[in-house]
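A structural walkthrough
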Amino acid sequence: MARIRKGDQVKVIAGKDKGVEGKIIAVLENDRVIVEGVNRVQKHTRAGQAGAEGGIITAEAAIHVSNIMLVVDADGEKTTTKVGSGVIDGKKTRISRKTGKEI
């Protein structure tokens, strides 16, 4: 069972973008994720034969999963929490360790 999934709201807890919140765009291999608006890098691209323009584009690069923490809504305010696992109605699910509620 994955602790972090695509679409989860997370907060960066280490690195140059510490404190920034964003949504997970993709989960990659080797415990890396791409977070919206975090770890932005510039790529230099050449013009292609299909008519694509060359230039400098800015995109998000991968960040290690140990540098992010899940953000959940607890009683109307956002709080960071660890992710645990539990069984609710006979089904394995993710739970917030801080609040004890299902994510």
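Attention in this report is confined to the structure presented alongside it. Worth saying up front: this structure is predicted, and the values here are computed from it rather than measured. (Residues numbered from 1 in each chain as written. Predicted model: local features only at pLDDT ≥ 70, side-chain atom pairs only at ≥ 80, totals over all residues. Heavy atoms only, no water.)

**Thoughts on the pairing of strand β2 (residues 21–28)**
Both strand β1 (residues 9–12) and β2 contribute to a ladder of 3 bridges, which runs antiparallel. Counterpart to V10 in the pairing with β2 is G22. Between β2 and strand β3 (residues 32–35), which pair antiparallel in sequence order, lie 3 residues; one of them, N30, sits at a positive phi of approximately 60°. (Pairing = 2+ DSSP bridges. Helix = DSSP H or I, 4+ residues; strand = E, 2+ residues; numbered from the N terminus.)

**Observations regarding unusual backbone geometry**
The residue D31 is not glycine, and still its phi comes out positive at about 60°. Checked against the element boundaries, D31 lands in the loop between β2 and β3. The phi torsion at N39 lies on the positive side, around 55°, for a residue other than glycine. With respect to the helices and strands, the residue N39 is situated in the loop between β3 and β4 (40–45). In this structure N39 comes out as buried when scored by relative accessible area, which is 18%. (Buried < 20%, exposed > 50% of the residue type's maximum accessible area, 1.4 Å probe, protein only.)

**A closer look at the nonpolar core**
As a rule of thumb, soluble globular proteins bury nonpolar side chains together. Counting residues in hydrophobic clusters, the biggest one holds 12 residues: I4, V10, V12, I24, V33, V35, V38, I63, I68, L70, V72 and V83. Looking at this core, the elements with two or more residues in it are β1, β3 and β7 (68–74). In terms of residues, this core owes the most to one element, β7, which gives 3 residues. The contact partners of I4, leaving out residues within four places of it in the chain, are I24, V27, V65, I68, L70 and R94. (Core = buried A, V, L, I, M, F, W, Y, C linked by side-chain atoms within 4.5 Å. Contact = heavy atoms within 4.5 Å.)

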